Amino acid sequence: MAPQVDPAVAQKTGLALLDWLAKVDDSPERNLAVRVTTESMKKALGAEKYDEALRSDVIAQQTSRITGPTEMSHAEDENVSVLQAIQNKGQDRSDALKGLPPTMRAKEAAASGFAEGTSGNKQQSTKYFDIAYAALDEAWQAHPEAKQTAETVEEINEAAAQVDYVDALKRAEALASPAEQAIGMLAVARTVLGKTL
């Protein structure tokens, strides 16, 4: 996806993300985020412009040198069945989703969006992802510090990227909080990277 991003946007966004990652506690997630961000910047900018960009921001330059393990484990917290969403595709579940707590609503809507999107129903998929992203912002405003909220942001963006990564990136960029945007864009990038490896 990096070659499709305007180099000026890639530089500005990449440096901002590296600056933010400098403030994040050491973890496999942060290490992976740094690796994906730096590799994407190199692809978008080229080696020379990448080095030049890092020289302009000492914090980003230091953060780019972070290495360490990138293996992550995700705790099972709320059970959302993609298989059930696939079995229910073609049915409008919007009303049923309204009564769910924000993180669960986001996950259920994303599962349904994934099921509809991968079966070719773009209109219904878009509707479900609209619900999922609105619920993400609601969950983030209520509990931005919760690890579960960040994991939900990742999960929703990964599901959206499986359907349409360009749309998922736009949705991630439109999230309410800069940290939420960074987590979302990273999740989209990781999903795209995983597809190309």
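Just above sits the structure.
Residues numbered from 1 in each chain as written. Predicted model: local features only at pLDDT ≥ 70, side-chain atom pairs only at ≥ 80, totals over all residues. Heavy atoms only, no water.

Asker: Even after reading the chapter, I still don't get helix α7 (residues 102–118), so can you show me in this structure?
Answerer: For an α-helix the count is 3.6 residues per turn, leaving residues at separations of three or four pointing the same way. Counted at 1.5 Å a residue, the expected span for α7 with its 17 residues is 24 Å, and the 24 Å between its end C-alpha atoms agrees. Of all 17 residues in α7, 13 are buried; the element is thus mostly enclosed. Backbone geometry just after α7 places glycine 120 at a positive phi near 100°. (Helix = DSSP H or I, 4+ residues; strand = E, 2+ residues; numbered from the N terminus. Expected span 1.5 Å × (residues − 1). Buried < 20%, exposed > 50% of the residue type's maximum accessible area, 1.4 Å probe, protein only.)

Asker: For this particular structure, what's the right way to read helix α8 (residues 122–142)?
Answerer: Given a rise of 1.5 Å per residue, 21 residues ought to cover 30 Å, and the 30 Å separating the end C-alpha atoms of α8 matches this to within 8%. Turning to α8, its buried residues number three or more, namely Gln124, Ser125, Tyr128, Phe129, Ala132, Tyr133, Ala135, Leu136, Asp137, Ala139 and Trp140.

Asker: Is there a simple way to think about the nonpolar core in this case?
Answerer: Within the largest apolar cluster, 25 residues are counted, with the highest numbers of intra-cluster contacts made by Phe129, Tyr133, Leu136 and Ile156. Those elements that place two or more of their residues in this core are α7, α8, α9 (147–163), α10 (165–173) and α11 (178–196). The leading source of residues in this core is α8, at seven residues. Sequence-distant contacts of isoleucine 156, that is, excluding residues within four places in its chain, are made with Ala106, Lys107, Ala110, Phe129, Ala132, Tyr133 and Leu136. With 19 residues, the next largest nonpolar core counts Leu21, Leu54, Leu186 and Ala189 among its residues. (Core = buried A, V, L, I, M, F, W, Y, C linked by side-chain atoms within 4.5 Å. Contact = heavy atoms within 4.5 Å.)

Asker: Quick question: what am I supposed to make of the environment of proline 102 here?
Answerer: The topology assignment puts proline 102 in helix α7. Given a relative accessible area of 21%, proline 102 falls into the partly exposed group. Sequence spacing of proline 102 and alanine 134 is 32 residues, and the spatial spacing of their C-alpha atoms is 8.6 Å. Once you skip the residues sitting within four places of it in the chain, proline 102 turns out to touch Ala135, Glu138 and Ala139.

Asker: Looking at this structure, I do not really get the pattern of salt bridges. What am I missing?
Answerer: Oppositely charged side chains can pair when the atoms bearing their charge come close. If you walk through the whole model with that rule in mind, you get twelve salt bridges. Of the charged contacts, one joins aspartate 26 and arginine 30 as a salt bridge, the two residues approaching to 3.3 Å between their closest N and O atoms. Two residues, lysine 127 and aspartate 92, come together in a salt bridge whose shortest N-O distance is 2.8 Å. Of this pair, lysine 127 sits in helix α8 while aspartate 92 sits in the loop between α5 (82–87) and α6 (94–98), placing them 35 residues apart in sequence. Lysine 127 sits in the partly exposed class, given a relative accessible area of 34%. Among the ionic contacts, a cluster of salt bridges with common partners joins Asp130, Asp167 and Arg171. (Salt bridge = Lys/Arg side-chain N within 4 Å of Asp/Glu carboxyl O.)

Asker: Please clarify how the packing of α8 against α9 should be interpreted in this entry.
Answerer: The geometry of a pair of packed helices is captured by two quantities: the angle between their axes and the separation between those axes. Look at α8 against α9: their axes get within 10 Å of each other, and the N-to-C directions meet at 165°. Taken as axis vectors, α8 and α9 run roughly antiparallel relative to one another. As for how α8 packs across α9, the hand of that crossing is left-handed. Contacts between α8 and α9 pair Ser125, Phe129, Ala132, Tyr133, Leu136, Ala139 and Trp140 from the former with Thr149, Ala150, Thr152, Val153, Ile156, Asn157, Ala159, Ala160 and Val163 from the latter. Of the residues assigned to the contact of α8 with α9, the class counts are twelve nonpolar, four polar and no charged. (Axes fitted to C-alpha atoms, helices over the stretch in contact; angles between N-to-C directions. Parallel < 35°, antiparallel > 145°, perpendicular 65-115°, else oblique. Left-handed = near helix turned anticlockwise from the far one by under 90°. Nonpolar A, V, L, I, M, F, W, Y, C, P; charged D, E, K, R; others polar.)

Asker: Can you walk me through the side chain of threonine 63 in this structure?
Answerer: The residue threonine 63 is located in helix α4 (residues 58–64) in this model. Here leucine 18 takes part through its backbone oxygen, which lies 3.4 Å from a polar atom of the side chain of threonine 63. (Polar contact = N/O pair within 3.5 Å; in protein donor to acceptor, adjacent residues only side chain to side chain.)

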